[in-house]
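Structure assessment
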Amino acid sequence: MTWYDGIPKVELHVHMEGAIPHEALFALIQKYGGDPSVPDVAALAQRFQYSDFPHFIETWLWKNQYLREYDDFTLIAELVARDMAAQNIRYAEVFYSPVPFESIGLSVQGVTQAIRTGLAKVSEIEIALVADLVRDMGPVSGLSALEALAEVRDLGVIGIGIGGSEQAFPPRPFRPVYELARELGFHTTAHAGEAAGPNSIWDALLELGAERIGHGTRAREDSDLVTYLAKNRIPLEMCPVSNVRTGVCADLRSHPIREYFDAGVLVTLNSDDPKMFQTSLADEYRQLEEACGWTRSELRRLSLNAVEASWLPVERRASLSAEFQSWSGWSK
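One structure accompanies this document, and this report is about it. (Residues numbered from 1 in each chain as written. Predicted model: local features only at pLDDT ≥ 70, side-chain atom pairs only at ≥ 80, totals over all residues. Heavy atoms only, no water.)

**As for the environment of Leu266**
Residue placement: Leu266 occurs in the loop between α12 (257-262) and β8 (267-269). A relative accessible area of 2% means that Leu266 is categorised as buried. What Leu266 contacts, discounting residues up to four positions off in sequence, is Arg233, Ile234, Pro235, Leu236, Asn305, Glu308 and Ala309. (Helix = DSSP H or I, 4+ residues; strand = E, 2+ residues; numbered from the N terminus. Buried < 20%, exposed > 50% of the residue type's maximum accessible area, 1.4 Å probe, protein only. Contact = heavy atoms within 4.5 Å.)

In structure tokens:
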């Protein structure tokens with residue numbers, strides 16, 4: 001185990017379907033007849049290279065066609081949890097996207113139960129679920145999904161968000177979805193400022209009332225927005241390697257996470273779709289130190305930021321923060 005694996009961590013922006021180990025995904029592809037373009041695991045890894053953000057979404061949809069049964073979700077949930085636990089991730093709020101699978105006869109409730117069954121097999125990590133309502137499917141679909149999600153809240157579903165094609169589906173039409181989500185007691189986040197500019201972030205905050213922003217990479221195009229984020233302690237779920245892989249940023253050194261950190265924004269570090277981007281949360285910490293010159297004291301602050309930005313109860317956040325601060329490895 002490396003020092004980066006050993007860091008006690010919280011992760012707030014990681015997608016279940018984007019975290020499937022390559023070997024497991026290849027087995028699922030074979031289970032459903034195979035694909036000539038991916039004759040082996042190495043070829044599958046090569047498939048996860050993207051020309052731009054729309055190409056990434058296209059690849060995401062291709063991959064999801066090999067999740068067809070509830071047992072598939074139980075399998076991937078267990079494997080994702082084990083992978084996260086091996087990195088000393090103590091707590092995570094994990095996105096999952098149940099709504100698109102209704103088209104093949106899988107219910108939102110059934111997918112949620114299948115995932116929780118898999119997660120329950122791994123006691124070393126606590127994982128809450130955040131339903132990605134997928135903006136491409138529209139607000140009517142989102143409203144319908146909320147009714148189903150309300151039935152499975154006791155399975156650890158604590159929040160909702162909207163991922164997908166941000167550049168084509170702006171936040172504002174989802175206002176009724178977010179209003180209902182709050183009425184039902186769900187926390188809210190929204191992918192914004194990744195494939196679209198700062199107006200997308202403003203709308204997510206002012207129209208949707210999102211508590212956190214997924215990515216927020218392009219906030220720096222509006223200095224007033226950066227000031228607003230810092231002043232109001234609005235957490236950004238930042239994913240540097242993801243943004244480089246999808247072409248949102250040219251390289252890690254040009255990623256704005258340092259700029260926002262220095263400006264006092266509550267930034268958190270996350271892996272997004274780690275197996276689709278050849279990364280992990282541990283590797284994200286390593287890259288910041290080795291490629292970008294972050295100090296270990298600053299990495300400690302990032303780890304504590306994630307605890308603060310989580311949706312854990314106040315007392316649990318306090319105890320986890322104290323536990324993280326007392327980790328002896330920070331001084332190594």
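**A closer look at the pattern of salt bridges**
Pairing between side chains of opposite charge can happen when their charged atoms approach one another. On inspection of all chains with the given rule, the structure shows 21 salt bridges. Its salt-bridge partner being Glu93, residue Arg212 comes within 2.9 Å of it at the nearest N-O pair. Linking Arg212 in strand β6 (residues 212-215) with Glu93 in strand β2 (residues 89-96), this pair joins segments that are 119 residues apart in sequence. Of the two residues examined, Arg212 and Glu93, each falls in the buried class. Glu207 serves as the salt-bridge partner of Arg172, at 3.9 Å between the closest nitrogen and oxygen. Residue Arg172 is found in the loop between β4 (157-161) and α8 (175-183), and its partner Glu207 is found in the loop between α9 (198-206) and β6; the two are separated by 35 residues along the sequence. By relative accessible area, which is 47% here, Arg172 ends up partly exposed. Beyond isolated ion pairs, a larger network of salt bridges with shared partners links Arg172, Arg175, Glu179, Asp203 and Glu207. (Salt bridge = Lys/Arg side-chain N within 4 Å of Asp/Glu carboxyl O.)

**Observations regarding the pairing of strand β5 (residues 187-192)**
On any regular strand, side chains alternate: one points to one face of the sheet, the next to the other face. Burial of β5 is extensive: five of the six residues sit out of reach of the surface. Pairing between β4 and β5: two bridges, direction parallel. Directly across from Ile160, in β5, lies its bridge partner Thr188. Note that the unit made of β4, α8 and β5 has a crossover that is right-handed. Note that β5 and β6 share four bridges and pair parallel. Its bridge partner being in β6, Ala192 is matched across the sheet by His215. Handedness of the β-α-β unit built from β5, α9 and β6 comes out right-handed. (Pairing = 2+ DSSP bridges. Right-handed = clockwise from strand over helix to strand, strands pointing away.)

**A word on unusual backbone geometry**
Look at Arg233: it is not a glycine, yet its phi comes out positive at around 50°. Among the structural elements, Arg233 can be located in the loop between α10 (223-231) and β7 (236-238). Given a relative accessible area of 38%, Arg233 falls into the partly exposed group. Here Gln278, not a glycine, exhibits a phi torsion of approximately 55°, which is positive. With respect to the helices and strands, the residue Gln278 is situated in the loop between β8 and α13 (281-292).

**Here we look at the nonpolar core**
In this structure, Leu133 and Leu149 are the most contacted members of the largest nonpolar core, which totals 97 residues. Top element by residues in this core is helix α5 (residues 70-86). It accounts for six residues. With residues near it in sequence (within four places) discarded, Leu149 still touches Tyr96, Val108, Ala131, Leu133, Val157, Ile160 and Phe186. The next biggest cluster of nonpolar side chains, apart from the first, holds twelve residues, and it includes Leu12, Ala309, Leu312 and Leu320. (Core = buried A, V, L, I, M, F, W, Y, C linked by side-chain atoms within 4.5 Å.)

**Description of helix α15 (residues 314-325)**
The first and last C-alpha atoms of α15 sit 16 Å apart over twelve residues, in line with the 16 Å expected at 1.5 Å per residue. Within α15, burial applies to Leu320, Ser321 and Phe324. In a view along the axis of α15, the buried residues occupy a sector of 105°, so they form one face of it. (Expected span 1.5 Å × (residues − 1). Arc of directions from axis to C-beta.)

**Section: the sheet that holds β7**
Whether parallel or antiparallel, the strands of a sheet pair through hydrogen bonds between backbone atoms. Ordered by their spatial adjacency, eight strands build an open sheet running β1-β2-β3-β4-β5-β6-β7-β8, and the pairing between neighbours is parallel. Sheet topology places β1 (9-15) and β8 at the edges, where each strand pairs with a single neighbour. Pairs of neighbouring strands in the sheet enclose a mean axial angle of 25°, with direction left out of account. As judged from the six bridges shared by β2 and strand β3 (residues 126-132), these two strands associate in the parallel manner. Note that in β3 the partner of Phe95 across the bridge is Val130. The strands touched by α9 within the sheet are β5 and β6, with β5 carrying the most contacts at an inclination of about 170°. Sheet contacts for helix α14 (residues 296-309): β1, β6 and β8; angle to β8, the most-contacted strand, approximately 110°. (Axes fitted to C-alpha atoms, helices over the stretch in contact; angles between N-to-C directions.)

**A look at the packing of helix α2 (residues 22-31) against α5**
Close contact between α2 and α5 brings their axes to 11 Å; oriented N to C, the two are set at 165°. By the criterion of interaxial angle, the relationship of α2 to α5 is roughly antiparallel. When the axes of α2 and α5 are compared, the crossing they make is right-handed. From α2, Ala24, Leu28 and Lys31 reach across to α5, where they touch Asp72, Leu75, Ile76 and Leu79. Looking at the contact of α2 with α5, its residues break down into five nonpolar, no polar and two charged. (Parallel < 35°, antiparallel > 145°, perpendicular 65-115°, else oblique. Left-handed = near helix turned anticlockwise from the far one by under 90°. Nonpolar A, V, L, I, M, F, W, Y, C, P; charged D, E, K, R; others polar.)

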